[in-house]
Amino acid sequence: MKKILTLLLVIVASSSFAQLKMQGVVKDSIGTPLELANVIAINQESNALESYAVTNDKGKYILSLGKNGTYKIQVSYIGLKSLDEVITTKEENITRDFTLLPDNALDAVELTYEMPVTIKGDTLIYNADSFKNGSERKLEDVLEKLPGVEINEDGQIEVEGNTVQKLMVNGKDFFDGDTKLATKNIPSNAVDKIQVLRNYAEVGQLSGVQNNQNNVAINIKLKEGKENFWFGDITAGAGQAPSPNDELYLFQPKLFYYSPKYSINVIGDLNNIGEVALTNRDIRGFGGGFRLPSRTSGTSINLGNNGLSGLTNIADAQEVVTKLATANFSYSPTKALDLSGFVIYNSSRLRTREENFFDYIENDFTTPPDERTTSTGREATNQFVAKLSAVYKPNFNNQLDYDVIARVSDDEEAQVVDSDVVGITRQLDEVNPYSINQNLNYYYTANEDNIFALEIQHLLSDEDPFYNALLVNDPDNNDEPLPDDRDAFDTTAAGLGLNQDQFSYDVNQDRRVKSNKLDAKLDYYNILNSKSNINLTLGTIISNQKFDSNIFQFLDDGTRLDPTPNITDIDGDPLLATNDNVDYTFSDVYLGVHYRFKTGKFTFTPGVSFHAYSNQNTQLGNNFKDNFFDVLPDFEALIQFKKSESLTLNYRMINTFTDVTNIAEGLVLNNFNSIQFGNPELQNALSHNVSLFYRSFNLFNYTNVIASVNYNKNIDQIRSLTNFESVIRTNSFFNSQFADETASVFGRVERTFGKIRARFRANFSYSKLNQFIGGTQSLNENYRQNYTPELRTNFREAPNIRLRYGYTVTDNVQGDNTTKFITRAPSVRFDAYIWDSVTFITDFAYTEQETQGQTEAFKTWDASLRYRKNRDAKWEYSLRASNILDIDSNISNGASNISVFSSETFIQPRFITFRLTYTL
């Protein structure tokens, strides 16, 4: 790593010494400096773009040119005649001013090159070819090279600190609701322009009455010749993996068709290599672009999630077999009507293995013994998602939107857990949920001063999780006087009311959660003048959830036992293993008032909402009601220093309500060692949220700065009361009188120096959580700081390299226990396009984790070698290798609220594949 860093510094230094600076001012004919004028330098010897600049607010520009060379300088500005001039450099810096004349003063000058980056209003336009060097294959390869743009760890696009929510191709939605499908599948050679739409408003009628400074969309403009023709690529591959793995295979068709009237996108993926466009969790969270009408009301209700959690990262699996079939379409039968939609089918089979060590936190009540576990599992998932959208806009004053998205899945996860405390446990989770979400919006502009907006959303969902655990049992030691002489699960089994005279505990639970939710609001905007407006909102949220649960035991002879637990709730009342008729209804009727006004660089939006809440739940013959009124203020202040620089302050008070699972009395098995029961008298939690966000994108020196500060304080937060029996824990819920707090500070600075881009990212977070174990309160505090410097080159001819170093320190204070985790993660990426035909890319990362003075490390190394005759060749041949060092596992350490843990996750072995790609 040190040698590579030295090499990069030598390249940077030699590049700097061979450069000189040309600077000056661009003015109009009366001497006024021109901001955002474009200045291009073209090398006369190679006829290539040497350098480019955009003038600042004082008309100043700076170009980096080679010594002893000849360059054509082109200067342009919207509305004025462009000019060009040939200059010859020597050894000294150059100062040269330019004056642009009115459009009718000179004949047009033909621009030889387009500016790599231009600004038109709120639209930032990147010319994709200016950032390509030939090694790119997909859209994400181009996006990663753009200043101010980042692909985050979740695969989503971030622009100037804001996550892109919508991606379009030629103005048509591309799988609305997720950008990962676009970044990983749209071929880079089809991309002409990347338009970043800042302050994006989906409804043009509301653009002047709402603050959209954090809304960002991207529109991909295709190259000429891509319309009215199919384009894309088809890849097929095969490979070898170490025994006993199967032979490797891969088939990925990615086809696209665009015309002015309609578009069709088809993406398929069949492989057992672990390369997936969307993970199971991505699809579960695929929102389809839906946004709650009540998102700014101050009310938040959580309907819960009773499906399988799935893997956080495909990289954590030993084996991954996936089948993905997706299609996206758009159709405009008339100018007033746009239809669009998509279907996604995903089938995956995963095999996992993980070894863990848990050091449970000491407490005054019961401290569980240290535990080592080995978990092996298999996950099978079949998911289907479909969406249909219609936008009818007969004129500017009327717009009607309708969206419906349906999803259904068949999920199963089998796991074997070998614990040195509990023994061997076999678990099975199954669930077949479905949901239908509908959205209806109507926007009406009565006149230039009065606008109405109606938004209605309805959700219907049905979840039916089934859980089975099979634990070992010795029926002869149930009455031993010491806990260590009994099976670890015996005391819990007795509490559940299970029959202990069995050679195994075969515990099962059926659950059913049905949710029905209506979220609607009517907005009225009265435009007082060009700088102020009033917004009145009348809205409601109505939800109903029905919950059934049933715990039962299969005995050794195959008969079924419905147990009677010997566990009491918080009030000392006995609990049941069955709660088959919980009905939970929540409603909120609210009136919101917001006043928005501008004065100079400031935009203020103070507001308040008045809420009438009603929630009740009926269960076990009892009815629990809670009706109350509340007033929730909010405030936003925006300072727009200039179009590319702003500071935003937000304050919001939020009432948060829980879901039926936490309210339902009766026992719920999250798994065999985590049992919970609800509290029907739970109240809402109140939180104060303050955020400060700064952004600046300077095209003059290509500096991008992002900084944010966030603070959250929760009052009456719903917290769990945990009791341990060995390593088996039981959780109940209550409203804590202790406030929990979180705070975070984030900053990122990016600067481009010629062909070198430097980036530094820093993050600090703090959280204070009140934990309750055995009736005793303890304070858990977490301090985390992360620093990530990065250097990368962007040469068009020479090879490129990216160096990144991640340094993370996490301090946990959990009662009387203090732990520190330090992670060091240097990585390097080398990218070369040579002989106009061969692409070589390799990634190497080294991760070292230090815990309590002990250090563990692992390495990852991937590489690919690709050949195509030239940039326009139809066929490409590639050889790819992943996990070249053939490491078995990754190591991670961390802390939860109840333990400090070390985890070893086993991953896929070394895979080597040969692939053939045909480009349409």
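One can find the structure itself at the top, above this paragraph.
Keep in mind the model is a prediction, meaning the values are calculated, not measured.

Enquirer: Tell me what's going on with the overall build of the protein, and back it up with residues and numbers.
Expert: The helix and strand tally for the protein stands at six helices and 53 strands. For the protein, the C-alpha radius of gyration of 31 Å lies close to 29 Å, the compact-globule estimate for 920 residues. A principal-axis box enclosing the C-alpha atoms of the protein has dimensions of 100 × 70 × 55 Å. Relative to its 920 residues, the protein shows a buried fraction of 51%. Within the protein, residue pairs in contact and separated by at least 24 positions form 66% of the contacts whose partners lie at least 6 positions apart.

Enquirer: So what about the environment of Asp420? Which residues, and what values?
Expert: Note that Asp420 resides in the loop between strand S25 (398-419) and strand S26 (423-431). On the basis of relative accessible area, Asp420 is assigned to the exposed category, the value being 53%. Once the C-alpha coordinates of Asp420 and Arg372 are considered, the two residues, 48 residues apart in sequence, prove to be 5.7 Å apart. Among all residues touching Asp420, those that are not within four sequence positions of it are Asp370, Glu371 and Arg372. A distance of 3.0 Å separates a polar side-chain atom of Asp420 from the backbone nitrogen of Arg372.

Enquirer: Run through the sheet that holds strand S12 (residues 157-159), naming residues and quoting values.
Expert: The antiparallel open sheet is built from three strands, whose spatial order is S11-S12-S13. The strands lining the two open edges of the sheet, one partner per strand, are strand S11 (149-151) and strand S13 (162-163). Here S11 pairs with S12 via three bridges, running antiparallel. Each residue of the ladder has a partner; that of Glu150, found in S12, is Glu158.

Enquirer: Kindly report on a negative patch on the surface, identifying the contributing residues and their values.
Expert: Together, Asp474, Asp476, Asp479, Glu480, Asp484, Asp485 and Asp501 make up a region of like negative charge exposed at the surface. Mapping Asp501 onto the fold places it in the loop between helix H5 (490-496) and strand S30 (504-529).

Enquirer: Explain the pairing of strand S37 (residues 667-671) to me, and be specific about the residues and the numbers.
Expert: Both S37 and strand S38 (residues 674-677) contribute to a ladder of four bridges, which runs antiparallel. Pairing of Asn671 across the sheet is with Ser674, part of S38. Between S37 and the antiparallel strand that follows it, S38, lie two residues.

Enquirer: How would you sum up unusual backbone geometry? Please name residues and give values.
Expert: One non-glycine residue, Asn228, lies in positive phi territory at about 65 degrees. Among the secondary structure elements, Asn228 is positioned in the loop between strand S17 (216-222) and strand S18 (230-240). You can call Asn228 partly exposed: its relative accessible area is 42%. The phi angle at Asp886 is positive, at roughly 55 degrees, despite the residue not being glycine.

Enquirer: Give a description of the sheet that holds strand S5 (residues 70-77) that names residues and reports values.
Expert: Hydrogen bonding along the main chain pairs the strands of a sheet, whether they run parallel or antiparallel. What the four strands build is an open sheet, ordered S3-S2-S5-S6; its pairing is antiparallel. This sheet does not close on itself; its edge strands, each paired only once, are strand S3 (49-54) and strand S6 (80-88). Strand-to-strand twist in this sheet, taken as the mean axis angle between neighbours without regard to direction, amounts to 15 degrees. With five bridges joining them, strand S2 (residues 38-43) and S3 adopt antiparallel strand pairing. The residue of S3 that forms the bridge with Asn38 is Val54.

Enquirer: Explain the nonpolar core to me, and be specific about the residues and the numbers.
Expert: Among the nonpolar cores identified, the biggest contains 52 residues, and Tyr126, Leu167, Phe174, Ile194 and Ile344 are the most heavily contacted of them. Residues contacting Ile194, with those up to four places away along its chain left out, are Leu124, Ile125, Tyr126, Leu139, Val142, Leu143, Leu146, Ile218, Asn219 and Ile220. Counting 26 residues, the second-largest nonpolar core is a separate cluster that includes Tyr505, Ile675, Phe724 and Ile898.

Here is what the cut-offs are and how they apply
Residues numbered from 1 in each chain as written. Predicted model: local features only at pLDDT ≥ 70, side-chain atom pairs only at ≥ 80, totals over all residues. Heavy atoms only, no water. Helix = DSSP H or I, 4+ residues; strand = E, 2+ residues; numbered from the N terminus. Rg over C-alpha atoms; globule rule 2.2 N^0.38 Å. Buried < 20%, exposed > 50% of the residue type's maximum accessible area, 1.4 Å probe, protein only. Contact = heavy atoms within 4.5 Å. Polar contact = N/O pair within 3.5 Å; in protein donor to acceptor, adjacent residues only side chain to side chain. Pairing = 2+ DSSP bridges. Patch = residues over 30% accessible without salt bridge, like charges linked within 9 Å, V, L, I, M, F, W, Y side chains within 5 Å. Areas by Shrake-Rupley, 256 points an atom, 1.4 Å probe, with all protein chains shown as cover. Salt bridge = Lys/Arg side-chain N within 4 Å of Asp/Glu carboxyl O. Lys, Arg positive; Asp, Glu negative; His and termini not counted. Charge placed at Lys NZ, Arg CZ, Asp CG, Glu CD. Axes fitted to C-alpha atoms, helices over the stretch in contact; angles between N-to-C directions. Core = buried A, V, L, I, M, F, W, Y, C linked by side-chain atoms within 4.5 Å.

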